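Architecture and fold: a report
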Amino acid sequence: MKRRKAVWVLTFSGILLMLSFIILGGALVEQCVRLNGAYSMQKVLVSGKNQADPQGKNSFSIDDIKRLKKELSTKDISYTARSGLVDTPVSSGSMAFPVRLIGTDYMYPMFSGLSLEEGSFITQKQEEEGAMVAIIDEEVAWDIFRAKNATGKTIDIFGAAFRIIEVMEKDDSIIGKLTDDGLPEVYIPASVMLELDTTARINDLQIKTADANTLDQNTTEISAAIRQIGKNPSNYNINDYNLKLALMKQKPLLLVFIIGIASMLILLSHVKSLIKEIYFLIRDRCKTDYFSNVIKHNLKGIVLIWIGIRFTLYIPPQNIPDELINISYYSDLIKAAIQGGIQNRGYLAPQAELIVNVSDMLLNLFFYISFILGSLLLYAGLRELKELNMDSSRLTPVLGLLFILSMVIQIAAAFLLGLPYATNVKGVLVAWVFIYINFIIKRKGSGVKNV
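Residues numbered from 1 in each chain as written. Predicted model: local features only at pLDDT ≥ 70, side-chain atom pairs only at ≥ 80, totals over all residues. Heavy atoms only, no water.

A closer look at the environment of glycine 25
Secondary-structure assignment places glycine 25 in helix α1 (residues 2–35). Measuring from C-alpha to C-alpha, the distance between glycine 25 and leucine 362 comes to 8.2 Å, with 337 residues separating the pair along the chain. For glycine 25, the residues in contact, after removing those within four places along its chain, are Ser20, Pro252 and Leu363. (Helix = DSSP H or I, 4+ residues; strand = E, 2+ residues; numbered from the N terminus. Contact = heavy atoms within 4.5 Å.)

Pasting the structure below:
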């Protein structure tokens, strides 16, 4: 009895871990998309590599941004100015608190999924007029006013009075918590910030783009436009988030693809194991179409699995060598990764980049846990279940209940982590087929007796 319970716990743990990446992985991608605003990941992020730039050679001016809009024939460009100070004191009366001050424009909410509690963001008119308005997060509102309803009140920044027009909610998801460094944020018009803070520079641009069929067309065009306004593109990190989204989306699909291929191979091996049995049945004058029926039955299952797992694989062009066997290419690739890590030390990444990097890190973590640990537990559970003399009619409902319970736990985990519900239905079905084939069909094929 104790051994049987241990086997079920082992099996349930394997199912739970396998489903974790399929369900939570999709939820992570969906949350990352939401946190990037209405334009989602259809954008290119341009940010200066060298943050220690006192003369502002790599920073952008308002005129530079106007010229970029003409060069790229688009108005959908948002920019942010950051202070050279680590933190900026914000006060109301005698109460002063350090915050991260960010200067931006009216387009910013389209590129960042700000959760607005009340009021409104900076308008185009306020930006053009240089209005002294501010958007604060709920932590600042509570610290200064001991209330979240702070719209209409004023705060002092650099000795000037700013009227609060909006209070923002903090992102309580796991992504928001991992990207939060503890400093509350305050947004003001970038033009005002550049006047009040001599250390402020516009270092980050977000440019709305289309998905250029997962090619580097977007970065090429933006690099050319930056060169046209007199800047050197090599001084900036230019990241196409269309391509980043393509890479992130395919990670949960990759696990589904692996278990789908494994299921297809098991079905094929099952057909092979039936050939001898079919031969004897035909020899004993069974129906002559039995062989074709068995083949069709298994091939239909293989076709359905393939429909559920197929997807277009995206590999960044720079990671594809001209020759598969090219030692120098791979050594250069490793060297570039190491040098990139050294060059980015001290680099203050924009919030949009932090969100994507944290999401990608969590996706990789979930993938390795699901694929490695989940596979080991499932294999151990399969091996032990084969030795249990259980009737298949009893085994299937129990496995089904464990599978449903695992899904419920994953959905609850997504809720606790602040992630949206975004289940890949095809992936879940392929996972169930994989479990069913391994624990039922393969078990029958191994000659386990039912009692």
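Still to come is the rest of the account.
Re the environment of glutamate 128
For glutamate 128, the position within the fold is in helix α4 (residues 124–129). The exposed category is assigned to glutamate 128, whose relative accessible area is 60%. Between the C-alpha atoms of glutamate 128 and aspartate 105, which are 23 residues apart in sequence, the distance is 9.4 Å. (Buried < 20%, exposed > 50% of the residue type's maximum accessible area, 1.4 Å probe, protein only.)

Let's talk about a nonpolar patch on the surface
A surface patch of nonpolar side chains, about 290 Å² in accessible area, is lined by Leu85, Met132, Phe158 and Leu196. Structurally, the position occupied by phenylalanine 158 is in the loop between β7 (154–157) and β8 (160–169). What makes phenylalanine 158 partly exposed here is its relative accessible area of 31%. (Patch = residues over 30% accessible without salt bridge, like charges linked within 9 Å, V, L, I, M, F, W, Y side chains within 5 Å. Areas by Shrake-Rupley, 256 points an atom, 1.4 Å probe, with all protein chains shown as cover. Salt bridge = Lys/Arg side-chain N within 4 Å of Asp/Glu carboxyl O.)

Here's the deal with the packing of helix α2 (residues 62–72) against helix α8 (residues 217–228)
Packing of α2 against α8 brings their axes to within 9 Å, and their N-to-C directions diverge by 130 degrees. Taken together, the axis directions place α2 and α8 in an arrangement best described as oblique. As for how α2 packs across α8, the hand of that crossing is right-handed. On α8, the residues touching Arg67, Leu68, Glu71 and Leu72 of α2 are Glu221, Ile222, Ala225, Ile226 and Gln228. (Axes fitted to C-alpha atoms, helices over the stretch in contact; angles between N-to-C directions. Parallel < 35°, antiparallel > 145°, perpendicular 65-115°, else oblique. Left-handed = near helix turned anticlockwise from the far one by under 90°.)

Details of the environment of leucine 35
Relative to the elements of secondary structure, leucine 35 occurs in helix α1. Along the backbone, leucine 35 and serine 112 are 77 residues apart, and their C-alpha atoms lie at a distance of 5.9 Å.

Examining unusual backbone geometry
Of note in the backbone geometry, serine 73 takes a positive phi value of approximately 55 degrees without being a glycine. Relative to the assigned elements, serine 73 resides in the loop between α2 and β2 (77–82). Serine 73 sits in the exposed class, given a relative accessible area of 66%. The phi torsion at phenylalanine 158 lies on the positive side, around 55 degrees, for a residue other than glycine.

Examining the pairing of β7
Alternating residues of β7 divide into Ile155 and Ile157, all buried, and Thr154 and Asp156, none buried. Of the pairings in the sheet, the one linking strand β3 (residues 88–92) to β7 comprises 2 bridges and is antiparallel in character. By the bridge assignment, serine 91 is partnered in β7 with aspartate 156. In this structure, β7 lies alongside β8, joined through 4 bridges in antiparallel fashion. (Pairing = 2+ DSSP bridges.)

Some details on the packing of aromatic side chains
The tally for this structure, following the rule as stated, stands at 9 aromatic pairs. Taking 5.4 Å as the distance between ring centres and 70 degrees as the angle between the ring planes, the aromatic pair formed by phenylalanine 21 and phenylalanine 367 counts as edge-to-face. Remark: phenylalanine 367 occurs in helix α12 (residues 351–386) and phenylalanine 21 occurs in helix α1; sequence separation between them is 346 residues. The class for phenylalanine 367 is buried, based on a relative accessible area of 15%. Measuring from ring centre to ring centre gives 5.6 Å for phenylalanine 367 and tyrosine 368, while their planes differ by 75 degrees; the resulting arrangement is edge-to-face. Taken together, the ring pairs in this structure connect Phe21, Phe367, Tyr368 and Phe371 into an aromatic cluster. Lying over the aromatic face of tyrosine 39, lysine 208 brings its terminal NZ or CZ to 5.4 Å of the ring centre. Its end group placed over the ring of tyrosine 241, lysine 244 keeps NZ or CZ at 5.9 Å from the ring centre. (Phe/Tyr/Trp six-rings, centres within 6.5 Å; stacked < 30°, edge-to-face > 60°. Lys NZ or Arg CZ within 6 Å of the ring centre and 35° of its normal.)

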